[in-house]
Amino acid sequence: DKNEIKREIYRKLAAVTGYEPEWGILTGVRPVKLAGELLDRLQDMEAVRRTLREDYLLAESKIDLLTDTLAYQREVCGKAAPDSVGVYIGIPFCPTRCLYCSFTSNQVPDAAIARYLEALKQEIAYVGRRMQETGLWAESIYIGGGTPTTLTAEQLDALLGTVEAAIDLSKLKEFTVEAGRPDSITREKLEVIHRHNISRISINPQTMKEETLRLIGRQHTVQQTIDSFKLAREVGFDNINMDLIVGLPGEDIHMVERTLAQIREL
């Protein structure tokens, strides 16, 4: 049992260090998804809490956070229809690799990106056919990465055209393209994305502190984040997500507050 091994490692290290991480043995980026899967299986929130406490070793404060967030999501969004799917399309390329990153991210020549895109288009076409054959429909599509705007405007145009040709978008609730790093965004790329009726984009500063950006390997400035956001508004986007990371090296709560204040201004 993989989780039993994790629990044993956790307990031994906690005994040695005197430190018990509040997230227990969890790793990854979607703990609320785990809570939701447990609720669907166990059909009882107290049983979910007990599982998170005993099997995953979470602190009560984190259990409260997960279950409260899950309840709020279920209230606002409801449950997905059983024949609906969320489609994720990965572009695993970035200009540079960030210090904190654990995702698939490669720095490769243009020819390698072109080869990948040809294979990806074939896979999108195949997935679209299988969705039609099995009666599945896309509720959401997310093009993430890496950094999708590492691609050229022409490559983005071709990719989005492939998606539109392969997948029925008639029931789609949201289509997101992660524009990602501000230094990879251009007006031409934004205009291509907007022309394909993408409903949401992401512009991800992670922090609005210049020194931290340098430290974590981001090659853009705070001003580039601001300029990219304003450019996206000019092009016509009215739904822009922005990713922030709390707990970056050297940042305290006051620095995070300053970042939030600058994002709020936008």
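Shown above is the structure to which this text applies.
Let me sum up the structure you'll find in this document. (Residues numbered from 1 in each chain as written. Predicted model: local features only at pLDDT ≥ 70, side-chain atom pairs only at ≥ 80, totals over all residues. Heavy atoms only, no water.)

**Looking at the pattern of salt bridges**
Should the charged atoms of two oppositely charged side chains come close, the side chains can pair. Where we set the bar: A pairing counts as a salt bridge when a side-chain nitrogen of Lys or Arg comes within 4 Å of a carboxyl oxygen of Asp or Glu. Here a helix means four or more residues in a row that DSSP labels H or I, a strand means two or more in a row labelled E, and each is numbered from the N terminus. The buried label goes to any residue with under 20% of its type's maximum accessible area, the exposed label to any with over 50%, and the partly exposed label to all in between, with areas taken from a 1.4 Å probe on protein chains only.
All told, the structure shown has 16 salt bridges when counted by the stated rule. Put simply, E118 and K121 hold a salt bridge, and the shortest N to O gap is 3.3 Å. Linking E118 with K121, this pair stays in helix 5 (residues 110-134), spanning three residues, or about one helical turn. Looking at K121, the relative accessible area reads 22%, which means it is partly exposed. Ionic pairing is found between R214 and E210, a salt bridge with its closest N-O pair at 3.5 Å. Here E210 and R214 lie together in helix 8 (residues 210-216), a separation of four residues that amounts to about one turn. Judged by its relative accessible area of 42%, R214 is partly exposed. Residue classification places E210 among the partly exposed residues on the basis of a relative accessible area of 31%. Through salt bridges with shared partners, a single ionic network connects R49, R53, E60 and D64.

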